[in-house]
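Understanding the architecture of this molecule
For reference, the chains in residue letters:
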Amino acid sequence: QQQVKQSPQSLIVQKGGISIINCAYENTAFDYFPWYQQFPGKGPALLIAIRPDVSEKKEGRFTISFNKSAKQFSLHIMDSQPGDSATYFCAASKLSGSEKLVFGKGTKLTVNP
Amino acid sequence: NAGVTQTPKFQVLKTGQSMTLQCAQDMNHEYMSWYRQDPGMGLRLIHYSVGAGITDQGEVPNGYNVSRSTTEDFPLRLLSAAPSQTSVYFCASSSPSSGEDTQYFGPGTRLTVL
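As a starting point, this report considers the structure included with it. This structure is a prediction, so every number in the text was calculated from the model and none was measured. (Residues numbered from 1 in each chain as written. Chains lettered and ligands numbered in written order. Predicted model: local features only at pLDDT ≥ 70, side-chain atom pairs only at ≥ 80, totals over all residues. Heavy atoms only, no water.)

1. Examining the overall build of chain B
- Within chain B, the secondary structure is distributed over 0 helices and 11 strands.
- From first element to last, N terminus to C terminus, chain B shows the α and β order β-β-β-β-β-β-β-β-β-β-β.
- On C-alpha atoms alone, chain B measures out to a radius of gyration of 13 Å, which is about the 13 Å that the 2.2 N^0.38 rule sets for 114 residues.
- C-alpha extents for chain B along the principal axes are approximately 40 × 30 × 25 Å.
- Buried positions account for 48% of the 114 residues belonging to chain B.
- The contacts of chain B with a sequence gap of at least 6 include a subset with a gap of at least 24, amounting to 54%.
- Accessible area of chain B: about 5200 Å², with a carbon and sulfur share of 50%.
- Here chain B contributes 7 positively and 9 negatively charged side chains, and the mean placements of these two sets differ by 15 Å. (Helix = DSSP H or I, 4+ residues; strand = E, 2+ residues; numbered from the N terminus. Rg over C-alpha atoms; globule rule 2.2 N^0.38 Å. Buried < 20%, exposed > 50% of the residue type's maximum accessible area, 1.4 Å probe, protein only. Contact = heavy atoms within 4.5 Å. Areas by Shrake-Rupley, 256 points an atom, 1.4 Å probe, with all protein chains shown as cover. Lys, Arg positive; Asp, Glu negative; His and termini not counted. Charge placed at Lys NZ, Arg CZ, Asp CG, Glu CD.)

2. Regarding the overall build of chain A
- A count of helices and strands for chain A gives 0 helices and 11 strands.
- Taken from N to C terminus, the helices and strands of chain A fall in the order β-β-β-β-β-β-β-β-β-β-β.
- Computed over C-alpha atoms, the radius of gyration of chain A comes to 13 Å, within 12% of the 13 Å expected from 2.2 N^0.38 for 113 residues, which places it in the range of a compact globule.
- For chain A, the C-alpha atoms occupy an extent of roughly 45 × 30 × 20 Å along the three principal directions.
- Split into buried and exposed, the 113 residues of chain A put 44% on the buried side.
- For chain A, the proportion of contacts with a sequence separation of at least 24, taken over those separated by at least 6, is 54%.
- Here chain A has roughly 5400 Å² of accessible surface; of this, 49% comes from carbon and sulfur atoms.
- Charge separation in chain A, taken as the distance between the mean sites of 13 positive and 8 negative side-chain charges, equals 5 Å.

3. Points about the interface of chain A and chain B
- In this assembly, 18 residues from chain A lie in contact with 20 residues from chain B.
- By the criterion of area lost to chain B, the three top residues of chain A are K100, F103 and K105 of chain A, representing 33% of everything that side buries.
- Taken together, the links from chain A to chain B amount to 0 salt bridges.
- The interface formed by chain A and chain B includes 2 residue pairs in polar contact (both at pLDDT 80 or more).
- Contributions of two or more residues to the side of chain A that touches chain B are made by β4 (33-38), β9 (86-94) and β10 (99-103) of chain A.
- Top element by residues in the side of chain A that touches chain B is β10 of chain A. It accounts for 3 residues.
- Per-class residue counts for the side of chain A that touches chain B are 8 nonpolar, 6 polar and 4 charged. (Buried area = accessible area lost by both parts, 1.4 Å probe. Salt bridge = Lys/Arg side-chain N within 4 Å of Asp/Glu carboxyl O. Polar contact = N/O pair within 3.5 Å; in protein donor to acceptor, adjacent residues only side chain to side chain. Nonpolar A, V, L, I, M, F, W, Y, C, P; charged D, E, K, R; others polar.)

4. So, the side chain of N27 of chain A
Residues and elements named next belong to chain A.
- Turning to its location among the elements, N27 is positioned in the loop between β3 (19-25) and β4.
- The exposure class assigned to N27 is buried, which follows from its relative accessible area of 18%.
- Side-chain polar atoms of N27 contact the backbone nitrogen of A29, separated by 2.8 Å.

5. Considerations on the pairing of strand β5 (residues 45-50) of chain A
Residue and element names in this part refer to chain A.
- Relative to β5, β4 runs antiparallel, the two being bridged by 5 bridges. Following the sheet pairing, Y36 is matched in β5 by L46.
- Here β4 folds back onto β5 in antiparallel fashion, the turn holding 6 residues, of which G41 has a positive phi close to 80 degrees. (Pairing = 2+ DSSP bridges.)

6. Comments concerning the environment of S18 of chain B
All names here are of chain B.
- Locating S18 in the fold gives a position in the loop between β2 (10-13) and β3 (19-25).
- Sequence spacing of S18 and L78 is 60 residues, and the spatial spacing of their C-alpha atoms is 5.3 Å.
- Residue contacts for S18: discarding those within four places in its chain leaves L78 and L79.

7. Notes on the sheet that holds strand β1 (residues 4-7) of chain B
Residue and element names in this part refer to chain B.
- Strand order across the open sheet formed by 4 strands is β1-β3-β8-β7, with antiparallel pairing between neighbours. This sheet does not close on itself; its edge strands, each paired only once, are β1 and β7 (64-66). Going from strand to strand, the sheet's axes swing by 20 degrees on average, the running direction of each strand aside.
- In terms of strand pairing, β7 meets strand β8 (residues 76-78) through 3 bridges, oriented antiparallel. Residue pairing for β8: Y64 is matched across the bridge by L78. (Axes fitted to C-alpha atoms, helices over the stretch in contact; angles between N-to-C directions.)

Here you go:
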């Protein structure tokens, strides 16, 4: 049973464009929704995270949009750059620890110059 | 701070061999976890620990053992390696008591089982 579904599997965007990656979750107990960025040969690193008490969080060119009623959240990368080319994972957990961090299957983003 | 360190970076085993993947963190994090990453499968939790002396199974624990004798170290043991265990293994640590669940990942160990 996949608790976090991520789409698309791969995404190609032109430099300066907007990259959008979507995730849907099933467990309403989740209360922490991070996005991780992974470059080839490296471990994932936290990019941005959101709690369900807000509908949007922005950090620089990266924005998380959160829809609690639809149980969906998405990552928007504005003004995408070739250096953003990486694999992105959404995840979900419950901060109390009763629900462990569960990852989506990842989206490979390629930003063409 | 070195963060999360893992050794070795690469390893080739023959079916049936055993080995231990090492993981250490210097951030005094209480939580440590092991994940495996396979193409198209994302990161799947193998085992985790909420503190020294306490471990529990994750989503895919079969064929792996862990122990946590200290806060810093969390080794992963493969008892009898199988080709299905060919994967990239990541160790991570976190500190939920600090109010967030950021997982800090190590650089990974790429394991091939022939």
